[in-house]
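Coordinate analysis (summary)
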Amino acid sequence: MGIKVELAQIKPKLGDINYNLEKHIAILSTSSADCVIFPELSLTGYVLRDLAFEVFRESEKAINKIAEVAKCAVFGTVKEVRTGILRNTAVVSINGKVDYVYKFYLPTYGLFEERRYFQPGDPLKDLKVFEINGMRFGVVICEDGWHPEPIEALAMMGADTIFIPAASPLRRLDRRLLIQDNWEALVKAHSLMYGIWTAFTNAVGSQEEEFFWGGSMISNPRGEIVARAKLFEEDRISYYLNEEDIRIARFFSSFRDHNNDFHKILSNI
Amino acid sequence: MHEYVLKKMMVDFELVTNYIVERLREYLEFSAKKGGVVGVSGGIDSAVTAALLARATNNYFFLIMPSSTTPKKDIDDALGLIKMLGAEDKYAYIDIDEIVNNIASQVKTNDHYVIGNIKARVRMVLLYGYAQKLGYLVIGTGDKSELLLGYFTKYGDGGVDVLPIGDLYKTQVRMLGRYLGLPEDIVTKPSSPALWEGQTAEGEIGVDYDTIDSILYLRFDEMRTPEEVANFLGINIDIVRKIENMVRFSQHKRLAPEIFRLSGRAINSDWRYPRQWG
């Protein structure tokens, strides 16, 4: 048992919902995957600045159009969760049914300014596990992959696969693309710690000063990168996420020994 | 250059080249312009920018705009670069002395600082004239060292549409030039705006570029204190302070002009939009 996923590493146009919607529809209608994962804020673009106050209206309509054609799709948008309150959101659309995952950790440092626009998700309400073809999965958005708890909680709640829609910009260029190494380490670590498939879909291309480097990747539950998208250009990669790999990885890992007492300590700090 | 800083300067220039070329292509596409214009001086910054632009698009145009204070060697090097890039039918040669003298006489000055800046702004006007005529953008040649120091003319060589090499220090631009196979004469030539005779950047600033780049990198990229920078490089702290002051006093050149707030949403303060959107 398992699912075929496709990572759609697209270059969204900033604030051009119609263009981005068409791109989503074109990919979904030509994909043979059970589920297609797009980058963070894939419908709107990432470096929105004050456009965040405007794009949510139009993108709300676009969500329904994607839900009509998608078997299963994870894509990004700005959602108004109550009047005047916006969240950085991943839409999870399965067989026409739409649900929402919100970003918990909103980067507001260096080039990031998400707290200026968005309200963070509430872990007590917003951690969700979904299922398609018997595969249980969770979704965390970009920065949430830089912390242990969101994915740890989803894995403990039953998710065997984690999708990470991201908008990771290039920075601190050294001999190698350091941010790519960083993400690879994170993706592998989450897979290794919980015996899960971890699939990271990055945006690509420039938005304002920033440049999203692509390089989407999938780690199997043994922490091996089994599929990689190209750097710096749009790409689509597919891979079959097999339940058996999860089983075998967990036979030979200590995931089963998860000790919740650590969380008691953490909750009192 | 201090070995530690030199190591930090040596990035993957193949990656940098692909990155800048791709970004230039995207920038042209997003701005719905057909190509780019570069003023080619015979120096390293404009040579690297021109070479990168020529990789990004066939729609490029170069201007050589010497004045009476431009060394002949610079003109020869600029022409050599045009030939090397196969751009013999995509450049114009404009002697700017007459235009500059006209303006200087109207301003009633013979101060070489004022005239020097007029030269830089005349070049900007010519670049924009050609750019508009061709439907192109003006591609700037400023590097990170010059931009941080404010070692450029406001609305002169600073008056451009985009700065593709603006996040590379002078040291790195030279390395990139060597990677791109530019003539060694251009790669190693001392940096100079040539706005007046005998002017060189290092002569005018009074500090060599190895030291300037080391100070800028350690002080601003690595956020070390002036004292740490001086100790690390084994130089007098006054040199660090001098460079830091150049950065501080030139901040107005790097930002859009300040707008005095009156309304509930003032541009650039709490009205912050991207350059372009759908």
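Cut-offs used in this document
- Residues numbered from 1 in each chain as written.
- Chains lettered and ligands numbered in written order.
- Predicted model: local features only at pLDDT ≥ 70, side-chain atom pairs only at ≥ 80, totals over all residues.
- Helix = DSSP H or I, 4+ residues; strand = E, 2+ residues; numbered from the N terminus.
- Rg over C-alpha atoms; globule rule 2.2 N^0.38 Å.
- Buried ≥ 20, exposed ≤ 12 C-beta atoms within 10 Å, placed from the backbone.
- Contact = placed C-beta atoms within 7 Å.
- pLDDT = per-residue confidence, 0-100.
- Axes fitted to C-alpha atoms, helices over the stretch in contact; angles between N-to-C directions.
- Parallel < 35°, antiparallel > 145°, perpendicular 65-115°, else oblique.
- Left-handed = near helix turned anticlockwise from the far one by under 90°.
- Nonpolar A, V, L, I, M, F, W, Y, C, P; charged D, E, K, R; others polar.
- Pairing = 2+ DSSP bridges.

**Let's talk about the overall build of chain A**
- In terms of helices and strands, chain A carries seven helices and 14 strands.
- Taken over C-alpha atoms, the radius of gyration comes to 17 Å for chain A, in line with the 18 Å a tight globule of 269 residues would show.
- Along the three orthogonal principal directions, the C-alpha set of chain A runs to about 50 × 45 × 45 Å.
- Buried positions account for 48% of the 269 residues belonging to chain A.
- In chain A, 66% of the contacts between residues at least 6 apart in sequence involve partners at least 24 apart.

**Examining the confidence of the model for chain B**
- With 100% of its residues at a pLDDT of at least 70, chain B reaches an overall mean of 96.
- Here the complex is predicted with pTM 0.93, and the ipTM for its interfaces comes to 0.88.

**Some words on the packing of helix α5 (residues 97-107) of chain B against helix α6 (residues 112-134) of chain B**
Residues and elements named next belong to chain B.
- Between α5 and α6, the shortest axis-to-axis distance is 10 Å and the interhelical angle comes to 130 degrees. Classified by the interaxial angle, the pair formed by α5 and α6 is oblique. Between α5 and α6 lies a crossing of right-handed hand. The residues of α6 that touch α5, namely those facing Ile99, Val100, Ile103, Ala104 and Val107, are Val114, Ile115, Ile118, Lys119 and Val122.
- For the contact of α5 with α6, the residue count by class is nine nonpolar, no polar and one charged.

**Digging into the packing of helix α1 (residues 17-30) of chain A against helix α2 (residues 52-69) of chain A**
Residue and element names in this part refer to chain A.
- Closest axis-to-axis distance for the α1/α2 pair is 10 Å, and the angle between their directions is 15 degrees. The angle between α1 and α2 places the two elements in the roughly parallel class. Of the two possible hands of crossing, α1 and α2 adopt the one that is right-handed. Mapping the contact onto sequence places Ile17, Leu21, His24, Ile25, Leu28 and Ser29 in α1 and Val55, Glu58, Ser59, Ala62, Lys65, Ile66 and Val69 in α2.
- Here the contact of α1 with α2 is composed, by residue class, of eight nonpolar, three polar and two charged.

**A short note on the sheet that holds strand β9 (residues 197-202) of chain A**
Residue and element names in this part refer to chain A.
- Strand order across the open sheet formed by six strands is β6-β7-β8-β9-β12-β13, with mixed pairing between neighbours. Only two strands of the sheet have a single partner each, and these edge strands are β6 (130-132) and β13 (225-228). Averaged over all pairs of adjacent strands, the angle between their axes in this sheet comes to 25 degrees, without regard to strand direction.
- Inspection of the sheet shows strand β7 (residues 135-139) paired to strand β8 (residues 161-166) by three bridges, in the parallel sense. Residue pairing for β8: Gly138 is matched across the bridge by Ile162.
- Along the sheet, helix α5 (residues 178-194) makes contact with β8, β9, β12 (217-219) and β13, crossing β9 at roughly 155 degrees.

**Quick word on unusual backbone geometry**
All names here are of chain B.
- With a phi angle near 60 degrees, Lys108 is a residue other than glycine that sits in the positive phi range.
- Within the fold, Lys108 resides in the loop between α5 and α6.
- Accessibility expressed as a C-beta count within 10 Å gives 7 for Lys108, which makes it exposed.
- Phi is positive for Met223, close to 55 degrees, though the residue is something other than glycine.
- Mapped onto the elements of the fold, Met223 is located in the loop between α11 (209-221) and α12 (226-233).
- Its 8 C-beta neighbours within 10 Å are what place Met223 among the exposed residues.

**Section: the pairing of β9 of chain A**
Residue and element names in this part refer to chain A.
- The buried fraction of β9 is high, at six of six residues.
- Side-chain alternation along β9 places Trp197, Ala199 and Thr201 on one buried face and Thr198, Phe200 and Asn202 on a second face that is also buried.
- Here β8 pairs with β9 via six bridges, running parallel. By the bridge assignment, Ile162 is partnered in β9 with Thr198.
- Bridge count for β9 against β12 is three bridges, and the pairing is antiparallel. For Phe200, the partnering residue across the bridge sits in β12 and is Met217.

**A few points about the interface of chain B and chain A**
- Listed by partner, the interface residues are 15 residues for chain B and 20 residues for chain A.
- The residue inventory of the side of chain B that touches chain A, partitioned by class, reads six nonpolar, three polar and six charged.

**Observations concerning the environment of Lys79 of chain A**
Residue and element names in this part refer to chain A.
- Along the polypeptide, Lys79 turns up in strand β3 (residues 72-82).
- Remark: the alpha-carbon pair of Lys79 and Ala52, spanning 27 residues in sequence, is separated by 9.5 Å.
- With residues near it in sequence (within four places) discarded, Lys79 still touches Phe56, Leu86, Arg87, Thr89 and Tyr100.

**Description of the sheet that holds strand β2 (residues 60-64) of chain B**
All names here are of chain B.
- If you trace the four strands from one edge of the open sheet to the other, you get β3-β2-β1-β4, paired in parallel fashion. Because the sheet does not close on itself, it has two edges, and the strands there are β3 (91-93) and β4 (136-138). Adjacent strand axes in the sheet meet at a mean angle of 20 degrees when their direction is disregarded.
- Bridging between β2 and β3 involves three bridges; their strand directions are parallel.

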